[in-house]
Amino acid sequence: MTATESTRSKPSLRVLEAIADAEDVSPITLKPPLNDVVDPAALDRLFEPTAADDSIRSGHVSFRYRGYDVTISSDGTIKLS
């Protein structure tokens, strides 16, 4: 995946891709499903442009999934620790 494709992907999909890459498995094999831990639709909406002025929200969100502390930043960065 290129950097451009990554920035266009939804955060929920990028989380699955990052964990699958870290574990060298396919994203579709990850258990439990991400929605058992966090609402993927809500996660995707967090950093969408605002309706008022099309600006991007800033900040980050963190949660635990598959033994990783996952942090998603408004700049598109996903950190696993």
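Nothing here was measured: the structure is a model prediction, and the numbers come from that model. (Residues numbered from 1 in each chain as written. Predicted model: local features only at pLDDT ≥ 70, side-chain atom pairs only at ≥ 80, totals over all residues. Heavy atoms only, no water.)

1. Thoughts on the sheet that holds strand β2 (residues 68–73)
Pairing within the open sheet is antiparallel, and its three strands lie in the order β1-β2-β3. Edge positions in the sheet fall to β1 (60–65) and β3 (78–80), since each has one partner strand and no second. Strand-to-strand, the axes of this sheet are offset by a mean angle of 20°, without reference to chain direction. Sheet analysis places β2 next to β3, joined by three bridges and oriented antiparallel. Across the sheet, the residue bridging to V70 is L80, located in β3. Seen against the sheet, helix α2 (residues 11–23) touches β1, β2 and β3 and runs at an angle of roughly 140° to β2. (Pairing = 2+ DSSP bridges. Helix = DSSP H or I, 4+ residues; strand = E, 2+ residues; numbered from the N terminus. Axes fitted to C-alpha atoms, helices over the stretch in contact; angles between N-to-C directions. Contact = heavy atoms within 4.5 Å.)

2. Description of unusual backbone geometry
The residue after K31, namely P32, is reached through a cis peptide bond having omega -5°. Backbone geometry places R66, a non-glycine residue, at a positive phi of 55°. Structurally, R66 is set in the loop between β1 and β2. Under the relative-accessibility criterion, R66 is labelled partly exposed at 32%. (Buried < 20%, exposed > 50% of the residue type's maximum accessible area, 1.4 Å probe, protein only.)

3. Considering the confidence of the model for the chain
On average, residues of the chain score 87 in pLDDT, and 85% of them reach the 70 mark or higher. Ignoring residues within four places in sequence, the model shows residues 1–7, a span with pLDDT below 50, making four contacts including any to other chains. (pLDDT = per-residue confidence, 0-100.)

4. Things to note about the pairing of β2
A regular strand places its side chains so that they alternate between the two faces of the sheet. Of the two faces of β2, the one lined by Y68, V70 and I72 is fully buried and the one lined by D69, T71 and S73 carries no buried residue. Two successive antiparallel strands, β1 and β2, enclose a turn made up of two residues, where R66 displays a positive phi of approximately 55°. As consecutive antiparallel partners, β2 and β3 are separated by four residues, and within that stretch G76 has a phi angle of approximately 95°, a positive value.

5. A few points about the pattern of salt bridges
Within the structure shown, the criterion is met by two salt bridges. The closest approach of N and O atoms between E23 and R66, which form a salt bridge, is 2.5 Å. Separated by 43 residues along the polypeptide, E23 in helix α2 and R66 in the loop between β1 and β2 bring together distant segments of the chain. Classification of E23 by relative accessible area gives partly exposed; the value is 26%. The closest approach of N and O atoms between R64 and D69, which form a salt bridge, is 2.9 Å. Of the residues examined, D69 reaches a relative accessible area of 37% and is grouped as partly exposed. (Salt bridge = Lys/Arg side-chain N within 4 Å of Asp/Glu carboxyl O.)

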